[in-house]
Amino acid sequence: MKISNITKSVLGCTLFLFLTMQGVHGNDFPLFPPIGNLPPVAIPPNNPQTAAKVELGRKLYFDPRLSGNNWISCATCHNPVLGFTDGLPRMLGGPASKEGGRNSPTIINSAYNELQFWDGRAATLEEQALGPIQNPNEMFETLDNVVKKLSGIPGYVKAFKEVFGTGVTADGIAKAIAAFERTIVFANSPFDKYTLGDEHAMSESAKRGMNLFNNKAECIKCHNGPNFTDNKFHNIGVPADGPLKEDLGRYNVTKVETDKGAFKTSTLRNITETGPYMHNGFFPTLFEVVQFYNGGGGRSENKSSLIHGLNLTGQEAADLIEFMKALTGELVQIKYDNAPLTFTTLPRDF
Ligand code: HEC
Ligand code: HEC
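Residues numbered from 1 in each chain as written. Chains lettered and ligands numbered in written order. Predicted model: local features only at pLDDT ≥ 70, side-chain atom pairs only at ≥ 80, totals over all residues.

Visitor: Explanation requested: the site of ligand 2 in the structure shown.
Guide: For ligand 2, the set of nearby residues contains 26 residues, the closest of which are Cys219, Cys222, Ser266, Tyr277 and His279. For the shell around ligand 2, a count of residues per class yields 17 nonpolar, seven polar and two charged. (Near = placed C-beta within 6 Å. Nonpolar A, V, L, I, M, F, W, Y, C, P; charged D, E, K, R; others polar.)

This is the structure in structure tokens:
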């Protein structure tokens, strides 16, 4: 009995290895989930997507009235025109537009994140959404006051009634924004098309870059799976920059010594649109990022053992960048009620 169980698990493992090795375009590290096309977004059972909810979420996302001075919306820092970021090394927020310690990450494909924020301190998009509204360095508003303000706007009262059957609530705000964010899915990149069999979708340089990504450059060890992230935290030694002398990252959440200076592995999808790079925006370009990895990352007592010098040639570094460029896709969200998503108009009309 025991033996047959072992045999079964060995067979199972072999099959698993075989299957992962069959995964996209062979890699030397078959234990890491292969990069590939994105699956459909998982929708939590307690917050089903409806057209009206997504539309309400869109309005809230672009509405500066969610902030203390009615100036700052989610889109101020996660602006669709700037790859759903602010294009700055570190965010500017609060009543005096003060520079914060961290870079505004893109919300593109945030529906696939297992944890939100650079340190993973929120589990879901619903949990995340109310954070920035109340953060004194971001939108500096209280939930009570937002609910009060929105309850005085007939369009919102009507929409909340229709979507949730209630008046304006903080819970409803969070759910509607999260539902909207789940539609911000970018795919159909040259890499996706290539993976689906279009040999010409990627340049020869990008194809060589993909091979390096999976093998010699070892990026696959952390940037793996369909969204190019293991959803884990690593210290790669990014130097401190900006107002914070030191950012302990994941340690702030877990208090585990080895998490000091560890940050969430970022998605690399649409990476050309979302610079500057890293949790504190230290690197302005992908060229500098690749130089950094090639030189073995930064200096930190706690640096991941997966980070070491790579000996990439100039051509190889260029190929790796070409591959990353091939990860920029387009918005493929499901169009509810066939209304095109407009990103620029603020909902002043109601
Ligand atoms: C003043 C700038 C600013 C505003 C306004 C803002 N954010 Fe952010 N957002 C950030 C920064 C900076 C982070 C990263 C913070 C961290 O990791 O500690 C972040 C993180 C996030 C994340 C996590 C993404 C990831 O990959 O981990 C999501 C989702 C998000 N914001 C959505 C929103 C929503 C929704 C709103 C509006 C309710 C909003 N943000 C308002 C700057 C801002
Ligand atoms: C040990 C795991 C690990 C390996 C290996 C790794 N990365 Fe990363 N990568 C990360 C983490 C963690 C971050 C965020 C670090 C931070 O902000 O401090 C990151 C950030 C990045 C960013 C910036 C993303 C953004 O939105 O700011 C790029 C680009 C990147 N990596 C590319 C690569 C490439 C190319 C390789 C291979 C040469 C690679 N990475 C290898 C873990 C890894």
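Visitor: It is not clear to me how the environment of Gly225 should be interpreted in this structure. Could you clarify?
Guide: Summarising the element assignment, Gly225 is placed in the loop between helix H9 (204-214) and strand E4 (233-234). For Gly225, a count of 18 C-beta atoms within 10 Å corresponds to the partly exposed category. C-alpha of Gly225 to C-alpha of Asn37: the two residues are 188 residues apart in sequence and 8.7 Å apart in space. Leaving out residues up to four positions away in the same chain, Gly225 has contacts with Pro33, Ile35 and Asp230. (Helix = DSSP H or I, 4+ residues; strand = E, 2+ residues; numbered from the N terminus. Buried ≥ 20, exposed ≤ 12 C-beta atoms within 10 Å, placed from the backbone. Contact = placed C-beta atoms within 7 Å.)

Visitor: Would you mind going over the nonpolar core with me for this structure?
Guide: Among soluble globular proteins, nonpolar side chains are generally buried collectively. One finds Leu60, Tyr61, Ile173, Ala176 and Ile177 to be the most contacted residues of the largest nonpolar core, which totals 39 residues. For this core, the element with the highest residue contribution is helix H7 (residues 170-181), accounting for seven residues. For Tyr61, the contacting residues outside a window of four places in its chain are Ser73, Cys74, Ala75, Ile177 and Phe180. Counting 32 residues, the second largest nonpolar core, distinct from the first, contains Cys219, Leu268, Phe282 and Leu320. (Core = buried A, V, L, I, M, F, W, Y, C linked by C-beta atoms within 7 Å.)

Visitor: I'm lost on the packing of helix H4 (residues 125-134) against H7 in this one. Help?
Guide: Pairs of packed helices are described in terms of their axes, by the angle between the two and the distance that separates them. Direction vectors running N to C along H4 and H7 enclose 115°, while the axes themselves pass 8 Å from each other. Regarding the angle of H4 to H7, the classification is roughly perpendicular. The handedness of the crossing between H4 and H7 is right-handed. For the pair formed by H4 and H7, the contact residues are Leu125, Glu126, Ala129 and Leu130 on the first element and Ala170, Ile173, Ala174, Lys175, Ile177, Ala178 and Glu181 on the second. Across the contact of H4 with H7, the residue classes break down as eight nonpolar, no polar and three charged. (Axes fitted to C-alpha atoms, helices over the stretch in contact; angles between N-to-C directions. Parallel < 35°, antiparallel > 145°, perpendicular 65-115°, else oblique. Left-handed = near helix turned anticlockwise from the far one by under 90°.)

Visitor: Quick question: what am I supposed to make of H9 here?
Guide: An α-helix turns once per 3.6 residues; consequently, residues spaced three or four apart project the same way. Listed in full, the buried residues belonging to H9 are Ala206, Gly209, Met210, Leu212, Phe213 and Asn214. Packing partners of the buried residues in H9 comprise helix H12 (314-325).

Visitor: Honestly, unusual backbone geometry in this entry has me stumped. Any pointers?
Guide: Leaving glycine aside, a negative phi is the common case for residues, and trans is the common case for peptide bonds. Cis geometry marks the peptide bond from Gly275 to Pro276, where omega comes out at -10°. Along the chain, Pro276 turns up in the loop between strand E5 (263-264) and helix H11 (286-294). Phi is positive for Ser97, close to 50°, though the residue is something other than glycine. The residue Ser97 is located in the loop between strand E1 (92-93) and strand E2 (98-99) in this model.

Visitor: Can you walk me through the packing of helix H2 (residues 51-61) against H7 in this structure?
Guide: Remark: H2 packs on H7, axes separated minimally by 7 Å, with the N-to-C direction vectors making an angle of 100°. Accordingly, the angle class assigned to the pair H2 and H7 is roughly perpendicular. In this structure, H2 contributes Lys53, Val54, Leu56, Gly57, Arg58, Leu60 and Tyr61 to the contact, and H7 contributes Ile173, Ala176, Ile177, Ala179 and Phe180. When the residues that make up the contact of H2 with H7 are grouped by side-chain class, the tally is nine nonpolar, one polar and two charged.

Visitor: Mind showing me how you'd approach the environment of Ile108 here?
Guide: Among the structural elements, Ile108 can be located in the loop between E2 and H4. With 26 C-beta atoms packed within 10 Å, Ile108 lands in the buried category. Note: C-alpha distance between Ile108 and Ile184 (76 residues apart in sequence) is 5.6 Å. Aside from chain neighbours lying at most four places away, what touches Ile108 is Gly83, Phe84, Ile184, Phe186, Arg269 and Asn270.

Visitor: Got a minute to help me understand the site of ligand 1 in this structure?
Guide: Taken together, 27 residues sit near ligand 1, with Cys74, Cys77, Gly93, Trp118 and Pro132 positioned nearest. The set of elements that each furnish at least two residues to the shell around ligand 1 consists of helix H3 (74-77) and H4. Among the elements that make up the shell around ligand 1, the one with the highest residue count is H4 (five residues). Looking at side-chain class alone, the shell around ligand 1 contains 15 nonpolar, nine polar and three charged residues.

Visitor: What should I look at first to understand the confidence of the model for the chain in this one?
Guide: Detailed reading of the predicted model is not advised wherever pLDDT is low. A residue-level look at the chain finds 87% of positions with pLDDT of 70 or above and a mean pLDDT of 89. The low-confidence segment residues 334-345 (pLDDT under 50) makes six contacts with residues lying over four places distant or belonging to another chain. (pLDDT = per-residue confidence, 0-100.)

Visitor: Is there a simple way to think about the environment of Ser304 in this case?
Guide: Take Ser304: it is sitting in the loop between H11 and H12. A tally of 19 C-beta atoms within 10 Å means that Ser304 is categorised as partly exposed. It is 8.3 Å that separates the C-alpha atoms of Ser304 and Gly237, two residues lying 67 residues apart in sequence. Residues within four places of Ser304 in sequence aside, it is in contact with His234, Asn235 and Ile236.

Visitor: Looking at this model, I keep getting lost on H4. Mind explaining?
Guide: If you check which residues of H4 are buried, you get Leu125, Glu126, Gln128, Ala129, Pro132 and Ile133. Along the long axis of H4, the arc covered by the buried residues comes to 160°, so they all point the same way. Elements that come into contact with the buried residues of H4 comprise H3, helix H5 (143-151) and H7. (Arc of directions from axis to C-beta.)

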